[in-house]
Amino acid sequence: MSTYDYIVVGAGSAGAVLAGRLSEDPSVTVLLVEAGGSHRNLKVRVPAAFPTQFKTDLDWEYYTEPEPHLDGRSIYHPRGKMLGGCSSMNAMIYIRGNRADFDGWAKAGATGWSYDEVLPLFRRSEANSRGESTYHGSTGPLHIQEQRSPNDVSRRIVEAMVAAGFDRNDDFNGAEQVGAGFYQVTHKRGKRWTTADGYLAPARRRANLTVMTQAQVLRVRITDGRAVGIEVERKGKQQFVQAAREVVLSAGALNTPQLLMLSGVGPADHLSEHGIATVVDNANVGSHLMDHPLVLLNWDTTAKGTLAGAQNPLHLLNFLARRRGLLTSNVGEAGGFFHTRPDEEAPDVQVIAAPGFFKNHGFDTYDKPAFSMALSLVGSKSRGQVRLNSSDPRAKVATTFNYLAEQADLDSLVAGVERARAIAAAAPLHGVTGAELNPGAEVRTRAQVEDWIRAELQHTYHPACTARIGTEQDGVVDPELRVHGVEGLRVADASVFPTITHGNTHAPTVLVGEKAADLIRTTK
Ligand SMILES: Cc1cc2nc3c(=O)[nH]c(=O)nc-3n(C[C@H](O)[C@H](O)[C@H](O)COP(=O)(O)OP(=O)(O)OC[C@H]3O[C@@H](n4cnc5c(N)ncnc54)[C@H](O)[C@@H]3O)c2cc1C
C-alpha cells in the first residue's frame, strides 16, 4: 500500500502516542515511519543501563557546533533512534513541568494549552501506580511508578535536602513542584516503559496501523501548498508514500526542523545556500532552540549500597529473576526543585541526585563508592538554533545551543552549586560524605566556580522549541499544530513547545502526542 490517511514521521515520545491514538479509529489508515529499529534490547529494558546506549546504533549521536560561551567546546547530544525514540533512551524521570509553563503558553497565544486544559490529557496518558486522583490517572497507556528498589544513599540525599531547607515533596506533578523527594519513573515492575510499549504494542494488532522501521524520511513532498506525502529511504531504496489526509512530523526537536527545511519550509536565505527551493519562508524554523544546561557534582562516600559494582552479574540475575535491585535504578533517583530567582513563578533549578558516580554522560568511570548531584537549569533562558549542514538528508544538522549566553543562567548555576554543597554538608549526609571530587575543594571563588561551569557544562538532553507554536511572524505552527503556509502538515513533538517547560521533557512531549491526536480527530 502506498497511500495512508495519516503519515506520522518518528516513533518517539510523541509520534508513537499519536500513531497509537489515531489508529484507535478503524476507519482510518495510519503509517508510522521510524528511522531506527526495535527497542527490544537489554540496554533499553534495564533502567541503569541507559548510558550504555550512547554512541551505539541506538543513538543519532549529535555534536553541537563549537559553543561560544563554553570555551568553544562541541557538546555531545545523544538522541534515541529506535521505536520509542528518546523514551527508550532517557533517564525515565517523570516530570510534567510547572503549571506556569502551560498557563504561560496559553497566555502567549497557544489557545487550548493552559494547565487546566492539558491536565485531563496528562491524566489520560497515565497509569500511575498511586491510582486515580485530581492530578493522576490510573488507566492510561503510560506506566508511572515508584522506584522499585530505591537506594539508601538516595534516601539520605533527600533527607539532607530537607535538612538544608527544602520542603519534602512526594509528588512533583501534584499541587506543588518545589521541594525534595524521590522521582516517579516511567517503569513497569522495575523495567523501563516506553511510548512504544504503552501506545504501539497494543496498537500493532490493528489492521489499520503500519509501522515501518529502519526507514528514514528524506523530505515531505509539498505540491501546490499541500503536503501530499513523504519520500522515504529503506534498505537503500527510495519510495514515495502518499498521505490522503495529513503528514505529521514527530522526528524530535533536531530532526523535525531538518525535515521542514529539506522540504522547503524555513529561512529562505539559508535554504537557498543549500540549493533548496523555498516553499514557505519562515525564519522561525530551527530557531528558538532551548534546552536545560546541567552541571554534575560528585563526592566520595563511605555509605554502603551505591551503584558502584552494579556491573556484578549477580545484579543482572536479580534484575532478570525478580526485577529488583541496583539495575532497576534510573540513576537519577531523587532530587527536587528550588528557586534561585525568587521573582519567577516556577523554580529554576532541579537537583537530580544519583547514588553513584556519574560524569561525562557516564563515560568517565570511578571504581569507588560515590554520589552525584546534577543541577539542571530548568529555568534556562539562552536560545540557539538548528540549521542544515547540507541538503543531504543523511547529513547531521548544525546545532548551536548558546548555553550560558544569558548571564542569568550562569548566576543560577553558581547559586545552585552553593546549594548543592550545603546539601552534601547537611547532617544526614555529613557523616558519610568524603572528598568533593567535582568541582573539588580548590574551586571556591565565584570566578573559579564560573570557570568550572563553563568547562564542565553539559545538558539534560532536552532540546525543544525549534518549530514552536506561535503566529506566522514568531512561530512555525498554530495552536492546532498546523504548519503555517502548508496544508495537511503538522508537527507533534518537543519542537512545538513555545518555551521549554521547567522540568524533564518526556511527559510534556507525550502530552503533545495526546493533544495532537485530539486536534486531528476533530478536524476530520
Ligand atoms: C539520554 C537522555 C536522557 C533523558 N532523560 C529524561 C528523563 O529522565 N525524563 C524526561 O522527561 N526526559 C528525558 N529526556 C528527554 C526526553 O526523552 C525527550 O525530550 C523526548 O523523548 C523527546 O520526544 P520527541 O517525540 O520530541 O522526540 P524523540 O523521542 O527523539 O522521537 C523522534 C523519533 O523520530 C525518529 N526520526 C528522526 N528523524 C527521522 C526521519 N528522518 N525519518 C524517520 N524517523 C526519524 C527518531 O529516530 C526518533 O525515534 C532524556 C533524553 C535523553 C536523550
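Source: prediction; values computed, not measured.

(A) How the structure looks around the pairing of strand 11 (residues 215-223). Relative to strand 12 (residues 226-234), strand 11 is paired through 8 bridges, and the arrangement is antiparallel. The residue bridging Thr-223 from the neighbouring strand is Arg-226, located in strand 12. Count of turn residues in the strand 11/strand 12 antiparallel hairpin: 2 residues, of which Asp-224 carries a positive phi of about 50°.

(B) Seen up close, unusual backbone geometry. Residue Pro-439 is bonded to the preceding Asn-438 through a cis peptide linkage, with omega at 5°. Relative to the assigned elements, Pro-439 resides in the loop between strand 22 (433-438) and helix 12 (446-456). Positive phi, normally seen in glycine, also occurs at Asp-71, with a value near 60°. On the secondary structure map, Asp-71 appears in the loop between strand 3 (62-63) and strand 4 (76-77). For Asp-71, a relative accessible area of 55% gives the class exposed.

(C) Looking closely at the pairing of strand 18 (residues 349-354). The element strand 18 is extensively covered by neighbouring structure, given that 6 of its 6 residues are classed as buried. Summarising the sheet, strand 17 (residues 334-338) and strand 18 pair through 5 bridges and their orientation is antiparallel. Counted as the bridge partner of Gly-336 is Val-351 from strand 18.

(D) Molecular detail of the confidence of the model for the protein. On average, residues of the protein carry a pLDDT of 97, and 100% of them reach 70 or more. In the model of the protein, helix 11 (residues 427-430) stands out as the element of lowest mean pLDDT, 93, in contrast to helix 7 (residues 252-262), which has the highest, 99.

(E) Here's a closer look at the site of the ligand. Looking at the ligand, there are 40 residues lining it, with Ser-13, Glu-34, Ile-93, Thr-505 and His-506 nearest. Ile-93 is positioned such that a nitrogen or oxygen atom in its backbone is 2.8 Å from a nitrogen atom of the ligand. Interatomic distance of 2.7 Å between a backbone N/O atom of His-506 and an oxygen atom of the ligand. In isolation the ligand offers 1,000 Å² of accessible surface; the protein chains occlude 98% of this area. Of the residues assigned to the shell around the ligand, the class counts are 20 nonpolar, 16 polar and 4 charged.

(F) Just the nonpolar core, in detail. Leu-260 and Leu-481 are the most contacted members of the largest nonpolar core, which has 84 residues in total. The element that contributes the greatest number of residues to this core is helix 13 (residues 506-523), accounting for 8 residues. Each residue touching Leu-260, except ones within four places of it in the same chain, is listed here: Leu-249, Val-265, Val-285, Ala-467, Val-476, Val-483, Leu-489 and Val-491. Judged by nonpolar contacts, the second largest core, of 47 residues, contains Leu-410, Ile-423, Leu-429 and Val-449.

(G) The domain arrangement of the protein, seen in detail. As assigned here, the protein comprises domain 1 (1-144 + 187-257 + 283-289 + 385-395 + 462-521) and domain 2 (148-182 + 293-379 + 405-456). The distance between the C-alpha centroids of domain 1 and domain 2 comes to 28 Å. Every contact between the two is made by 35 residues of domain 1 and, on the other side, 34 residues of domain 2. Carbon and sulfur atoms supply 57% of the area buried between domain 1 and domain 2, which totals about 2,900 Å² over both sides. Looking at the side of domain 1 facing domain 2, the largest losses of area belong to His-69, Arg-189 and His-502, adding up to 19% of the total buried there.

(H) Expanded view of the pattern of salt bridges. Here the structure, examined in full by the defined rule, presents 30 salt bridges. Between Asp-392 and Arg-394 there is a salt bridge, with the nearest N and O atoms lying 2.6 Å from each other. Where Arg-446 meets Asp-411, a salt bridge forms, and the shortest distance between an N and an O atom there is 2.7 Å. Taken together, the residues span a long stretch of sequence, with Arg-446 in helix 12 and Asp-411 in helix 10 (residues 407-425) at a distance of 35 residues. Accessibility expressed as a relative area gives 32% for Asp-411, which makes it partly exposed. Several salt bridges share partner residues, and in doing so they unite Arg-21, Glu-24, Arg-124, Glu-514, Asp-518 and Arg-521 into one network.

(I) Seen up close, the packing of helix 4 (residues 115-125) against helix 13. Two elements in contact, helix 4 and helix 13, have axes whose closest approach is 9 Å; the angle formed by their N-to-C orientations is 105°. Viewed along their axes, helix 4 and helix 13 adopt a mutual orientation that is roughly perpendicular. Counted together, Val-118, Leu-121, Phe-122, Arg-124 and Ser-125 of helix 4 and Ala-507, Pro-508, Val-510, Leu-511, Glu-514, Lys-515, Asp-518 and Arg-521 of helix 13 form the full contact between these two elements. For the contact of helix 4 with helix 13, the class distribution of residues is 7 nonpolar, 1 polar and 5 charged.

(J) Representation of the environment of Leu-22 within the structure. Structurally, Leu-22 is set in helix 1 (residues 15-22). A C-alpha to C-alpha distance of 8.8 Å links Leu-22 and Leu-209, two positions 187 residues apart in sequence. If near-sequence neighbours (up to four positions away) are discounted, Leu-22 is found in contact with Tyr-6, Val-8, Val-28, Val-30, Ala-517, Ile-520 and Arg-521.

(K) View of the side chain of Asp-300. Mapped onto the elements of the fold, Asp-300 is located in strand 16 (residues 293-301). Look at Asp-300: it is buried, it has no salt bridge, and the nearest opposite charge is Lys-368 at 5.2 Å. Here Tyr-366 takes part through its side chain, which lies 2.6 Å from a polar atom of the side chain of Asp-300. Excluding residues that lie within four positions of it along the chain, Asp-300 makes contacts with Tyr-366, Lys-368, Pro-369, Ala-370, Phe-371, Val-432, Thr-433, Gly-434, Ala-435 and Leu-437.

(L) Region of interest: the environment of Asn-312. Within the fold, Asn-312 resides in the loop between strand 16 and helix 9 (313-322). At 2.8 Å, the side chain of Asn-312 and the backbone nitrogen of Leu-314 are in polar contact.

(M) Representation of the packing of helix 3 (residues 99-107) against helix 4 in the model. Axis separation between helix 3 and helix 4 bottoms out at 8 Å; the angle between their running directions is 120°. Looking at the two axes, helix 3 sits oblique to helix 4. Of helix 4, the residues touching helix 3 (which contributes Arg-99, Phe-102 and Asp-103) are Tyr-115, Asp-116, Val-118 and Phe-122. In terms of residue class, the contact of helix 3 with helix 4 is made up of 4 nonpolar, no polar and 3 charged.

Calculation rules
- Every chain is numbered on its own, with residues counted from 1 as its sequence reads.
- Predicted model: local features are reported for residues with pLDDT of at least 70 only, side-chain atom pairs are reported and counted for 80 or more only, and whole-chain, interface and lining totals are derived from all residues.
- Calculation of side-chain values draws on the structure's entire complement of heavy atoms; hydrogens and water are dropped beforehand.
- One bridge is not enough; two strands pair if DSSP finds at least two bridges between them.
- Numbering of helices and strands runs from the N terminus; a helix is a DSSP stretch of H or I covering at least four residues, while a strand is a stretch of E covering at least two.
- When a residue's accessible area, from a 1.4 Å probe over protein chains only, is under 20% of the maximum for its type it is buried; when over 50% it is exposed; and in between it is partly exposed.
- A residue's pLDDT is simply how confident the predictor is in it, with values from 0 to 100.
- Working definition: residue near molecule or strand if any one of its non-hydrogen atoms lies within 4 Å of it.
- Polar contact criterion, stated in full: a pair of N or O atoms within 3.5 Å, where within protein one must be able to donate a hydrogen and the other to accept it, and residues adjacent in sequence count only if both atoms are side-chain atoms.
- Accessible surface area values rest on a Shrake-Rupley calculation with a 1.4 Å probe, where residue burial reflects the displayed protein chains alone.
- When residues are sorted by character, Ala, Val, Leu, Ile, Met, Phe, Trp, Tyr, Cys and Pro go into the nonpolar class, Asp, Glu, Lys and Arg into the charged class, and all the rest, Gly among them, into the polar class.
- In this text, buried Ala, Val, Leu, Ile, Met, Phe, Trp, Tyr and Cys residues form a nonpolar core when linked through side-chain atoms within 4.5 Å.
- Note on definitions: a residue-residue contact is assigned when non-hydrogen atoms from the two residues lie within 4.5 Å.
- The split of the chain into domains comes from an automatic or database domain assignment.
- What counts as buried area is the accessible surface, traced by a 1.4 Å probe, that two parts surrender upon association, with contributions from both included.
- We define a salt bridge as a side-chain nitrogen of Lys or Arg found within 4 Å of a carboxyl oxygen belonging to Asp or Glu.
- The axes used here are C-alpha line fits, helices contributing only the stretch in contact, and every angle between their N-to-C directions lies in the interval 0 to 180 degrees.
- Note on angle classes: values under 35 degrees are labelled roughly parallel, values over 145 roughly antiparallel, values of 65 to 115 roughly perpendicular, and the remainder oblique.
- Neither His nor the chain ends is counted toward charge; the positive residues are Lys and Arg and the negative residues Asp and Glu.

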